[in-house]
Structure formats: C-alpha cells, structure tokens
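# Understanding the architecture of this molecule
The residues making up each chain are set out below.
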Amino acid sequence: MGQPKNISQNFKNPGEGAIEFAIGFVKNKTRAEALPIIKRLLQGDVHDAGDKRIKRCAYCGYYYRDQTKPNNSKTCSQFCKTDLDTLRRKKKNADKALLTSDKSLKKMEKLYVWWLDYPFWISEREMINRSWKHEKPVSSEKLAMHDAAKQRDKEFGGKRAPKR
Ligand SMILES: [Zn+2]
C-alpha cells in the first residue's frame, strides 16, 4: 500500500484542496472523459508517485497537492484540518470518558470514603458476614467474652448491635 494511514479510511466529501487537485486533471474534459480519470485519481494511479507534494488528506482521504512551503500539511484544506482536529478531540474525550466513566469514578469514591472515614464499619460488617457464614457452637469461655463485649457495647450505645 505505502499510503499514509488515515484516521478514517472512508471517503468523505472532498475538501477544497482535494477538489482543486482533481480539477487540475480533468480541466477542459467532458464528464464522460473526466469520470474514469477521477476514478483512477482516487486509486492513486494518475499522479506522479514521486511527487512528495501530493498526499492524501488525513481527513477527507482524497489526494491533494500540499501548498505549504515546508510541505508539512496533513490535510487538503483548512476545513479538513478543523474537522480533523474536532474529530481527534472527540476521540480523545471519548477515550478519557471511558477511562474515568461515572460508574468507575463513583465506585472509587465510595471505596475511598469507606476506607478513609468508616474503616471500623467495614470490619464490623465483615465480622457479621463471617459469623453468619461460619456459625458454630462456641466454648463457654468465648461465650462469656462475647457476653461481656455485648454488655460493654450496650453501655457505649450499642453501636455493635447488628441490624438486619
Ligand atoms: Zn481534505
């Protein structure tokens, strides 16, 4: 192929520069004569392949002649350049939005707040969850400690009491 990769391989409406370039090849030709030339032009078969000024517009995808002095343009016209910049910005924003979507951000904030402000709450919840799963008879010694803890918590406002 050897052609520069375009952001979009689909042809859009040709930009000014591309039209100007094409007109140069079909000047003073009838429509019937011009059509095959245009077709070949789009395939890159008409122009001098060695001409470094002839490029494909990075936006509209058509060939054009670079008119800039340093021969460093990527688009055939200002319109194509503006549209290309807009497209790139949109793509960039879309990528960014994907990385920091509302969902993942909210989830992260939740985790963050949990760990920062309510670490005890988390461990208590964990404890309750575990005790539900691994309910088994406890020794009288542990039971006594458990009762003592219950008693203590009651005095401190019963904040350990599991609410279901
Ligand atoms: Zn263009």
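Rules of the game
- Residues numbered from 1 in each chain as written.
- Predicted model: local features only at pLDDT ≥ 70, side-chain atom pairs only at ≥ 80, totals over all residues.
- Helix = DSSP H or I, 4+ residues; strand = E, 2+ residues; numbered from the N terminus.
- Contact = placed C-beta atoms within 7 Å.
- Expected span 1.5 Å × (residues − 1).
- Buried ≥ 20, exposed ≤ 12 C-beta atoms within 10 Å, placed from the backbone.
- Core = buried A, V, L, I, M, F, W, Y, C linked by C-beta atoms within 7 Å.
- pLDDT = per-residue confidence, 0-100.

### Comments concerning the overall build of the protein chain
- Within the protein chain, the regular secondary structure consists of six helices and two strands.
- For the protein chain, the succession of helices and strands along the chain, N to C, is α-α-β-β-α-α-α-α.
- Within the protein chain, contacts between residues separated by at least 24 positions form 52% of all contacts whose residues are at least 6 apart in sequence.

### Description of helix α2 (residues 31-42)
- Look at α2: 16 Å from first C-alpha to last across twelve residues, which is about the 16 Å you get at 1.5 Å a residue.
- The buried count for α2 comes to one of twelve residues, which makes it a mostly uncovered element.
- Looking one or two places after α2, you find Gly44, whose phi comes out positive at around 80°.

### A few points about the nonpolar core
- Of all hydrophobic cores here, the largest spans 14 residues; its most connected members are Ala18, Cys57, Cys60, Tyr62, Tyr64 and Cys76.
- If you list the elements that add at least two residues to this core, you get α1 (16-26), β2 (63-65) and α3 (78-99).
- Here this core takes three residues from α1, the largest share from any one element.
- Filtering out sequence-adjacent residues up to four positions away, Cys57 remains in contact with Gly15, Gly17, Ala18, Tyr62, Tyr64, Thr75, Cys76 and Cys80.

### Section: the confidence of the model for the protein chain
- Confidence in the prediction of the protein chain, expressed as mean pLDDT, is 72, and 52% of residues score 70 or more.
- Across residues 1-9 the pLDDT falls below 50, and counting only partners more than four positions away or on other chains, this stretch makes eleven contacts in the model.

### Thoughts on the environment of Ile23
- Along the polypeptide, Ile23 turns up in helix α1.
- Put simply, Ile23 and Ile38 are 15 residues apart on the chain and 9.0 Å apart in space, counted from C-alpha to C-alpha.

### Overview of unusual backbone geometry
- Notably, Asn28 is not glycine yet its phi reads approximately 60°, a positive angle.
- Counting through the fold element by element, Asn28 comes out in the loop between α1 and α2.
- According to the C-beta neighbour criterion, Asn28 is exposed, with 6 such atoms within 10 Å.
- Look at Asn71: it is not a glycine, yet its phi comes out positive at around 55°.
- With respect to the element layout, Asn71 can be found in the loop between β2 and α3.

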